[in-house]
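A look at the structure
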Amino acid sequence: MSTLRALAKAQALAAGVAQPVATVRHLHLSARPLVLVPLAMAGEANAPLATLVGTAPEEARLLIVPQPRNRDQRFRFAAELADIVLPYLEEFRDVTEAVPVDRGRDVRHRYVDAPQLLVPNPAGITFLRLFGRSTRFRRPDGDHPVHPSVPLLGRWLTFFAERAEHPGSSALVAMTDALTLHWATGQSVVEDLHLPALLGWIDPPAGLTGAQAAARAEDPTVCPPAGPATDPEFDNRVLAPAVAAYADAEDDPVARAEAYAELERVLRDQLTPTWELMWRGVGLLRALPPGARVAGRWDGDKDAFTGHAEHVDAGGPPQPRRDGAVVAAQRLHRLERALTSYAVQRAYDDPLVMAEHRLTGEAFVGDVTLADPTRVDDTGKRPVLRPRIQLVTTEPVLVPVGATLYSPARPAQKAKVVFLTPAVDGKTEVVLELSGGMGRGLTAPPGSVPEVGERLCCTTLSDAFLPTGAFPTPEETPWTHGGPTGSSALAGRPAAD
């Protein structure tokens with residue numbers, strides 16, 4: 001936990017209401033997201049019990065599994081869920097757009113938008129991941145056949161679960177993660193995973209403090225758990241008798257219909273409060289303006305959605321149960337690069353996030369007191385435009401002379417530290433030489449060079465392109481890491497004892 005977030009949590013506890021830790025929204029929010037509130041049976045490994053799903057508050061559709069231990073009913077539930085999810089995905093596959101590649105020398109096509117799934121908490125993402133894994137390898141023929149839509153649903157749920165691991169992705173979002181990204185509460189990180197308590201801090205009812213609203217929300221009789229786990233008291237007192245009544249009415253169609261209706265009622269009552277909280281959270285997030293770089297990250301989700309759709313259409317295989325060594329290393333490398341880029345982009349978009357880096361010495365803010373926008377460096381083979389500016393700051397400047405700095409206001413421009421002059425009154429003078437972002441001529445376009453009086457943020461954080469790592473081909477992969485095991489590969493293999 002950063003120093004500023006710890007301070008915000010302390011202020012939230014003192015003020016009785018959550019404190020904002022962001023000035024903009026750092027994730028994309030679809031105009032029509034698909035909200036899923038799953039519920040799993042306690043004591044069973046990822047046994048679906050029910051889900052509320054829909055794209056609008058008034059369009060909630062309840063799907064239930066009367067006997068979660070029944071294999072056929074589980075996959076019937078999966079087919080019903082596929083009848084909702086798959087048409088929703090198809091809605092985004094009507095229109096494509098051309099995207100220039102190879103510096104404009106070629107184009108590729110992707111869908112103009114992508115679907116977005118919202119679940120209450122990270123446990124909901126885990127539920128979808130496991131449910132996708134249990135369905136994507138099923139077959140519509142042979143032993144225990146399933147509906148053809150079931151394995152397709154499993155492949156798409158696996159796709160969304162994998163995108164949820166990608167930093168900055170908005171394809172599958174846990175509402176608790178989205179809210180804590182923008183607000184700090186006066187409770188622990190573990191307590192923030194409970195959506196009712198979290199929203200109690202962020203938007204408490206009139207007359208209650210955040211702590212009082214959170215304590216009230218933790219009462220399962222007031223607000224049931226936000227799924228997929230159920231409350232033990234509910235399991236023993238309400239759910240178990242309803243499931244047993246349905247099982248006992250197997251030979252009586254009328255009694256069975258009544259038992260099914262009662263089971264639907266108790267499960268809807270259990271899920272509806274969380275459903276309403278989900279849309280309340282959506283409203284709070286919509287009130288925040290999106291960050292400048294959110295759209296660029298959403299483009300990455302559109303690319304991934306287009307790529308997976310094309311893979312499925314081409315008859316490609318489902319995702320493997322586990323990645324090989326090289327594929328896993330490549331995936332980890334992509335996630336690390338995405339995490340680095342996401343952290344920089346959030347800081348560039350949001351002064352509150354950048355403030356954390358100012359505390360660590362990775363950034364400082366100063367006022368431009370001198371500027372020479374016409375300075376030309378003619379010491380090389382040809383003259384180049386190299387303006388210089390002087391900043392005066394009261395913040396510690398921990399970067400050395402010669403370091404390269406960047407500014408969120410002009411991310412394409414580099415600033416080299418030429419001089420550092422500490423002043424006696426606690427101020428530091430920093431002389432910077434600018435390059436890039438000013439065209440190719442010897443005259444800087446208006447606004448490309450900071451002017452006297454401008455307040456400027458400089459940081460060592462760079463949003464420049466990060467090159468990919470070099471990984472061996474399958475043929476070059478050592479046998480110890482899943483490579484070929486032919487005679488040539490075995491030539492360097494140590495002999496067995």
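Preceding this paragraph is the structure being described.
Let me sum up the structure you'll find in this document. (Residues numbered from 1 in each chain as written. Predicted model: local features only at pLDDT ≥ 70, side-chain atom pairs only at ≥ 80, totals over all residues. Heavy atoms only, no water.)

**As for the overall build of the protein**
Here is the rule: Helical segments are the DSSP runs of H or I of at least four residues, strand segments are the runs of E of at least two, and each set is numbered from the N terminus. For every residue, the accessible area (1.4 Å probe, protein chains only) is compared with the maximum for its type, and the residue is labelled buried under 20%, exposed over 50%, or partly exposed between those bounds. Contact between two residues is taken to exist if any of their heavy atoms lie within 4.5 Å; hydrogens are not considered. Note that accessible areas follow from Shrake-Rupley with a 1.4 Å probe, and for residues the cover is restricted to the protein chains shown.
A count of helices and strands for the protein gives 13 helices and 17 strands. Across its three principal directions, the C-alpha atoms of the protein cover 95 × 75 × 55 Å. Taking all 497 residues of the protein together, 46% fall into the buried category. Restricting the contact set of the protein to residue pairs at least 6 apart, pairs at least 24 apart contribute 68%. In the structure as shown, the protein presents an accessible area of about 25,000 Å², 55% of it carried by carbon and sulfur atoms.

**Topic: the pattern of salt bridges**
We apply this condition: Each reported salt bridge corresponds to a side-chain nitrogen of Lys or Arg within 4 Å of a carboxyl oxygen of Asp or Glu.
Applying the stated criterion across every chain, the model contains 26 salt bridges. For D301, the salt bridge goes to R163, with nearest N and O atoms at 2.7 Å. With D301 in helix α10 (residues 294-313) and R163 in helix α4 (residues 149-164), this pair connects stretches of sequence that are 138 residues apart. Taking relative accessible area as the criterion, D301 reaches 2% and is therefore assigned buried. Under the relative-accessibility criterion, R163 is labelled buried at 13%. Each member of the salt-bridge network shares a partner with another, and the members are E97, R108, R110, D299, K302 and D303.

**Looking at a positive patch on the surface**
The cut-off we apply is this: By definition, no residue in a patch forms a salt bridge, and every one has over 30% relative accessible area; like charges are joined within 9 Å, nonpolar side chains (Val, Leu, Ile, Met, Phe, Trp, Tyr) within 5 Å. When charges are counted, Lys and Arg contribute as positive and Asp and Glu as negative, whereas His and the chain ends are disregarded. Here the site of a charge means atom NZ of a Lys, CZ of an Arg, CG of an Asp or CD of a Glu.
A surface patch of positive charge is lined by R71, R133, R138, R321 and R322. When you line up the elements, R321 lands in the loop between α10 and α11 (325-349).

**Quick word on a negative patch on the surface**
Where like charges cluster on the molecular surface, the negative patch consists of E250, D251, D252 and E258. Mapping E250 onto the fold places it in the loop between α8 (232-248) and α9 (253-286). Note on E250: relative accessible area 57%, which makes it exposed.

**Observations concerning the packing of aromatic side chains**
Test applied: Each pair of aromatic rings taken from Phe, Tyr and Trp, with Trp reduced to its six-membered ring, is defined by centres within 6.5 Å and is described as stacked if the planes are under 30 degrees apart, edge-to-face if over 60, and tilted in the remaining cases.
What the rule picks out here adds up to 10 aromatic pairs. Judged by centre distance (5.9 Å) and plane angle (10°), the ring pair of F127 and F131 falls under stacked. Of this pair, F127 and F131 both sit in helix α3 (residues 122-135), four residues apart, roughly one helical turn. Pairing W156 with F160 gives two aromatic rings, centres 6.3 Å apart and planes at 40°, and the pair type is tilted. One end of the pair is W156 and the other is F160, both in helix α4 and four residues apart, which spans about a single turn. For W156, a relative accessible area of 5% corresponds to the buried category.

**With respect to the environment of S435**
Within the fold, S435 resides in strand β16 (residues 428-435). Spatially, the C-alpha atoms of S435 and Q413 are 5.9 Å apart, while their sequence positions differ by 22 residues. When near neighbours in sequence (up to four residues on either side) are disregarded, S435 contacts R386, A412, Q413 and K414.

**Points about the nonpolar core**
Side chains that are nonpolar tend, in soluble globular proteins, to be buried together. Using the following cut-off: For this analysis, a nonpolar core means a set of buried residues of the types Ala, Val, Leu, Ile, Met, Phe, Trp, Tyr and Cys, connected via side-chain atoms within 4.5 Å.
The biggest cluster of nonpolar side chains holds 41 residues, and the ones touching the most others in it are M175, L179, L195, L263 and L267. Residue assignment for this core shows that the elements contributing at least two residues are β2 (34-40), β3 (48-54), β4 (61-64), α5 (175-180), α6 (195-202), α8 and α9. Here this core gets 10 residues from one element, more than from any other, and that element is α9. Judged by nonpolar contacts, the second largest core, of 40 residues, contains A40, I84, L128 and A309.

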